[in-house]
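Here are the chains, one letter per residue:
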Amino acid sequence: MDRTPSKSLAALWMAGWLSLTLIVAVAGREATREVNVFQLMGMRSILGFLMLYPLVRAKGGFAVMKTARLPQHVARNLIHYGAQLGWFFALTLIPIGQVVAIEFTMPIWTAILAAMFLGERITTWKIAAIVLGIIGVVVIVRPAAGEINPGQLIALAAAVGFGVSVAMVKSLTRTEQTLTILFWMLVVQSVAGFFPALYVWQWPSAHVWGWVLLIAFCGTFSHYCMARALLHADATVVIPMDFLRVPLTAAAGWLLYSERLDLFTVLGAVLILTGNLLNLKPNPSTKASAPS
């Protein structure tokens, strides 16, 4: 498995992640108009597993999916299942752009956990990227005084869960194949979500089936893109690139749902992009180690 450090390759895989997760956000908003969030998560996991199976079979079948780190896979995916559940539920309560913007407290938790438990360095440029990204998110959301919407708290809790999940994925990529990580994600989440989905089940319309299939495909293979990106760069490099999802989602919300897109959103997007550009600068130590 190619683990060559490369910010360019990481950025390419993250472009795939950004595109697919944007589709999931829109499809999730549409699907939850008719089906319960627990049902949506159960359908997404089972359909995602069926879509992944041809790749598993091409690699040698279930036998090659064996792992010595099953407890880590189970823990990571239960956390991720809870976070994803909260994320979809928040989509039903607050604007789509705000859900994604609040989600971007996630890099704070990811960077801290990666530094504490994975030994990753947090350089000046990484700190600058994270700070500018968070400022950009705050500029876009502009928290108003008064009572906080429960959807905002749910989105924030989901962000913490995603941060823990990403740090655990980075740890798993040190020993596990990308396909193995995806396989156990779908197995664990299918089992976790089966009975809750069965309890609230109602047969979806053909229209909703289309959205669910889209969520299953894009949701599954977006994680493939993320895992591949984490093979080529530290989590504290990869995750700030994801800040671009905020202006992209805000634009989708404006175009599809007439949600606001104003000067503050544009300013926030500029700050986020600036942070990502800073994050791509080479470390001084790398330059110093080059032969003269």
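Here the structure is shown first, and the text comes after it.
Residues numbered from 1 in each chain as written. Predicted model: local features only at pLDDT ≥ 70, side-chain atom pairs only at ≥ 80, totals over all residues. Heavy atoms only, no water.

Q: Where do I start with the environment of Gln72 in this structure?
A: Tracing the backbone shows Gln72 in helix H3 (residues 70–91). For the pair Gln72 and Val169, spaced 97 residues apart in the sequence, the C-alpha separation amounts to 9.3 Å. (Helix = DSSP H or I, 4+ residues; strand = E, 2+ residues; numbered from the N terminus.)

Q: How do you make sense of the packing of helix H4 (residues 96–103) against helix H7 (residues 150–172) when you look at a structure like this?
A: When two helices pack together, their arrangement is given by the angle between the helix axes and the distance between those axes. At a closest axis distance of 8 Å, the pairing of H4 and H7 adopts a crossing angle of 40°. Taken together, the axes of H4 and H7 lie oblique to each other. Crossing of H4 against H7: the hand is right-handed. Residues Gln98, Val99, Ile102 and Glu103 of H4 form the contact with H7, whose participating residues are Gln152, Ala155, Leu156, Ala159 and Phe162. Its residues placed into classes, the contact of H4 with H7 shows 6 nonpolar, 2 polar and 1 charged. (Axes fitted to C-alpha atoms, helices over the stretch in contact; angles between N-to-C directions. Parallel < 35°, antiparallel > 145°, perpendicular 65-115°, else oblique. Left-handed = near helix turned anticlockwise from the far one by under 90°. Contact = heavy atoms within 4.5 Å. Nonpolar A, V, L, I, M, F, W, Y, C, P; charged D, E, K, R; others polar.)

Q: Can you help me understand the pattern of salt bridges in this one?
A: Charged atoms that come close allow side chains of opposite charge to pair. Tallied over the entire structure, the rule returns 3 salt bridges. Salt-bridge contacts for Arg33 lead to Glu30; the nearest nitrogen and oxygen are separated by 3.3 Å. Residue Glu103 pairs with Arg245 through a salt bridge whose shortest N-O separation is 2.7 Å. With Glu103 in helix H4 and Arg245 in helix H11 (residues 245–257), the pair connects residues that are 142 residues apart, well separated along the chain. As far as burial versus exposure is concerned, Glu103 and Arg245 are alike and both buried. (Salt bridge = Lys/Arg side-chain N within 4 Å of Asp/Glu carboxyl O. Buried < 20%, exposed > 50% of the residue type's maximum accessible area, 1.4 Å probe, protein only.)

Q: Even after reading the chapter, I still don't get empty space enclosed by the protein, so can you show me in this structure?
A: Gaps between atoms show up when a probe of the same size as a water molecule is rolled over them. Overall, the coordinates contain 1 cavity of 30 Å³ or more when judged by the stated rule. Contributing to the lining of the largest cavity are 24 residues, with Trp17, His80, Gln84, Phe162 and His223 lying nearest its centre. Per-element tally for the lining of the largest cavity: the top contributor is helix H9 (residues 206–232), with 6 residues. By residue class, the composition of the lining of the largest cavity is 13 nonpolar, 7 polar and 4 charged. (1 Å grid on protein atoms, 1.4 Å probe; cavity = no way out; pocket = protein on both sides within 12 Å on 5 of 7 lines; lining within 4 Å. Points joined across faces, edges and corners; volume = space filled by probe spheres on them.)

Q: What is the right way to look at the environment of Val200 in this model?
A: With respect to the helices and strands, Val200 occurs in the loop between helix H8 (178–199) and H9. Residue classification places Val200 among the partly exposed residues on the basis of a relative accessible area of 25%. With 163 residues separating them in the primary sequence, Val200 and Val37 have C-alpha atoms 9.1 Å apart. The residues contacting Val200, other than those within four sequence positions of it, are Asn36, Phe38 and Gln39.

Q: What is the right way to look at the packing of aromatic side chains in this model?
A: Given two aromatic rings, one states the distance between the centres and the angle between the planes to describe the pair. All told, the structure shown has 11 aromatic pairs when counted by the stated rule. Plain terms: the ring middles of Trp13 and Tyr224 are 5.7 Å apart, the flat faces sit at 70° to each other, and that makes the pair edge-to-face. Here the residue Trp13 occupies a position in helix H1 (residues 7–31), and Tyr224 occupies one in helix H9, the gap between them amounting to 211 residues. By relative accessible area, which is 25% here, Tyr224 ends up partly exposed. With a centroid separation of 5.8 Å and an interplanar angle of 45°, the aromatic rings of Phe62 and Phe183 are classed as tilted. Taken as a pair, Phe62 in the loop between helix H2 (37–58) and H3 and Phe183 in helix H8 lie far apart in primary sequence, 121 residues in all. Residue Phe62 is classed as partly exposed on the basis of its relative accessible area, which comes to 46%. What makes Phe183 buried here is its relative accessible area of 6%. Among the aromatic residues, those joined into a ring-pair cluster are Phe49, Tyr53, Phe62, Phe183 and Trp184. In this structure, Arg29 packs its charged tip against the face of Tyr257, placed 4.9 Å from the ring centre. (Phe/Tyr/Trp six-rings, centres within 6.5 Å; stacked < 30°, edge-to-face > 60°. Lys NZ or Arg CZ within 6 Å of the ring centre and 35° of its normal.)

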